[in-house]
Amino acid sequence: MTEEPPLSAREMIERLEPALSRARRVRAVTSLLSGLSGTAFVTALWAGEPGPLPGRTRVMFALLAVICLAWAGYGGWLLMRRVPLFATDRVIAAWIALAASLATTAALAVPAVRRGTGLAPVLAIGGLFVAAALVLAVRAHARRAALLRRARELTATHPSPPRTHIRELTRRDERRS
């Protein structure tokens, strides 16, 4: 009778979740499609203008296109990852949301100040978005830290040499059978 050696934490995780969960795939596809469609929509609006646009308007169109491309890139990156992410995806999404909300709030505040019209509503609504994104960023970092701490604890109790690729695990399993 042969006994199998205990698996390391990384090996257990790789065996349990070799691909993205359904919820993460849906989130990734939604982000990818939303980002691509947003980019196409903003670009079509920008290109469809009959005459030359003022500089601030061109900057806003470019900002919105970059934000949409960031979400599309995030969705594509998430779909390409086939390993557990230890909440890295949540941290990246929170930072994209925080950067987008800060940039749009600042970009909308500038014309409000120049015109002398309603800076308070811009800052109030923008502040809500910034606050929500900041809360998400803090929660994502805390979740990632907790998962990494738990992985270190599991690795410390069951140390094994690091695996560089999943194929090593499948080859070893094939040799055992």
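Residues numbered from 1 in each chain as written. Predicted model: local features only at pLDDT ≥ 70, side-chain atom pairs only at ≥ 80, totals over all residues. Heavy atoms only, no water.

Another point: the overall build of the protein. The number of helices and strands found in the protein is 6 helices and 0 strands. Beginning at the N terminus, the succession of helices and strands in the protein can be written as α-α-α-α-α-α. Here the protein holds 177 residues, and 26% of them are scored as buried. The contacts in the protein between residues at least 6 apart in sequence include a share of 72% that link residues at least 24 apart. In the structure as shown, the protein presents an accessible area of about 11800 Å², 68% of it carried by carbon and sulfur atoms. (Helix = DSSP H or I, 4+ residues; strand = E, 2+ residues; numbered from the N terminus. Buried < 20%, exposed > 50% of the residue type's maximum accessible area, 1.4 Å probe, protein only. Contact = heavy atoms within 4.5 Å. Areas by Shrake-Rupley, 256 points an atom, 1.4 Å probe, with all protein chains shown as cover.)

This brings us to the confidence of the model for the protein. The share of residues in the protein with pLDDT of 70 or more is 76%, and the mean pLDDT across the chain is 84. Helix α4 (residues 88-115) holds the highest mean pLDDT among the elements of the protein, 94, whereas helix α6 (residues 166-176) holds the lowest, 52. (pLDDT = per-residue confidence, 0-100.)

With 39 residues, helix α5 (residues 119-157) ought to run about 57 Å at 1.5 Å a step, and its terminal C-alpha atoms sit 56 Å apart, in line with that. Within the span of α5, buried status applies to Gly126, Val130, Ala133, Ala137, Ala140 and Ala151. (Expected span 1.5 Å × (residues − 1).)

Taken together, the side chains of Arg27, Arg90, Arg139 and Arg143 define a basic patch exposed on the protein surface. Relative to the helices and strands, Arg27 resides in helix α2 (residues 22-47). (Patch = residues over 30% accessible without salt bridge, like charges linked within 9 Å, V, L, I, M, F, W, Y side chains within 5 Å. Salt bridge = Lys/Arg side-chain N within 4 Å of Asp/Glu carboxyl O. Lys, Arg positive; Asp, Glu negative; His and termini not counted. Charge placed at Lys NZ, Arg CZ, Asp CG, Glu CD.)

Of all hydrophobic cores here, the largest spans 6 residues; its members are Ala28, Tyr74, Leu78, Leu85, Ala93 and Ile96. Of all elements in the fold, only α3 (55-80) and α4 reach the threshold of two or more residues within this core. Apart from the residues lying within four places of it in its own chain, the contact partners of Ala93 are Trp71 and Tyr74. (Core = buried A, V, L, I, M, F, W, Y, C linked by side-chain atoms within 4.5 Å.)

Taken as a whole and assessed by the stated rule, the structure comprises 2 salt bridges. The shortest N-O distance in the salt bridge between Asp89 and Arg24 comes to 3.5 Å. With a gap of 65 residues between them, Asp89 in helix α4 and Arg24 in helix α2 connect regions that are remote in the sequence. For Glu153, the salt bridge identified is with Arg150, shortest N-O distance 3.2 Å. Of this pair, Glu153 and Arg150 both sit in helix α5, 3 residues apart, which is roughly one turn of that helix. A residue is classified by how much of its surface remains accessible, and Glu153, at 40% relative accessible area, is partly exposed.

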